[in-house]
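# Coordinates in review
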Amino acid sequence: MKIGALVVCLNEWRYMAAVLGQLAEVADRVLVLRCTRAFSGAPVEVLPAPALPLGVELAMGTWPSEAAARNAGLGLLDDCAYSFVVDSD
């Protein structure tokens, strides 16, 4: 049984290292879903992502809402029997 973890973010990197480090200890797959546009549709300067811990996957894209982004991320983790959706802030 595989366990997945999903973190959806835009530029929220302040606590990301701590969050990802803890998730990597309990999840078989950890995915950071990086939005390239705010959910409001407003353009945003996408800051460079820091180095992610070994084994953490990164997927980038644009989604119309937070719900759509989370559902897309869960779809990418479809090989996991259970998945957690975690906020990094």
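First things first, this report covers the structure right here in the doc. All residue numbers refer to position in the chain's written sequence, counted from 1. In view of the model being predicted, local features appear only for residues whose pLDDT reaches at least 70, and side-chain atom pairs are presented and counted only at 80 or more, with totals across whole chains, interfaces and linings using the full set of residues. In computing side-chain values, all of the structure's heavy atoms are included and hydrogens and water are not.

### Re the side chain of Ser-88
Helix and strand definitions here come from DSSP, where helices need a minimum of 4 consecutive H or I residues and strands a minimum of 2 consecutive E residues; each element is numbered from the N-terminal end. Topologically, Ser-88 is positioned in the segment after β4 (82–86). Looking at Ser-88, its side chain comes within polar contact range of the main-chain oxygen of Glu-12, at 3.4 Å. Setting aside residues no more than four positions away along its own chain, Ser-88 makes contact with Val-7, Glu-12, Tyr-15, Met-16 and Val-19. Under this definition, polar contacts are N or O atom pairs within 3.5 Å; protein pairs additionally need one hydrogen-donor-capable and one acceptor-capable atom, and for neighbouring residues in sequence, both atoms have to be side-chain atoms. Contacts were defined at the residue level, with two residues in contact if any of their heavy atoms lie within 4.5 Å.

### Structural notes on the environment of Val-19
With respect to the element layout, Val-19 can be found in helix α1 (residues 16–26). The cut-offs for exposure are 20% and 50% of the maximum accessible area for each residue type, with area from a 1.4 Å probe on protein chains only; residues under the lower value are buried, those over the upper are exposed, and the others partly exposed. Looking at Val-19, the relative accessible area reads 16%, which means it is buried. For the pair Val-19 and Asp-89, spaced 70 residues apart in sequence, the C-alpha separation works out to 8.9 Å. Here Val-19 is in contact with Val-7, Val-86 and Ser-88, once residues within four sequence places are set aside.

### Points about the pairing of strand β2 (residues 29–35)
Among the 7 residues in β2, 7 count as buried, and that is most of the element. What you see with β2 is no split at all: Arg-29, Leu-31, Leu-33 and Cys-35 on one side and Val-30, Val-32 and Arg-34 on the other are buried throughout. Here the rule is simple: two strands pair whenever DSSP picks up at least two bridges between them. Pairing geometry for strand β1 (residues 3–9) and β2, over 6 bridges, is parallel. By the bridge assignment, Leu-6 is partnered in β2 with Leu-31. In this sheet, strand β3 (residues 56–61) lies alongside β2 in parallel orientation, the contact comprising 6 bridges. In the strand pairing of β3, Cys-35 is matched with Gly-61.

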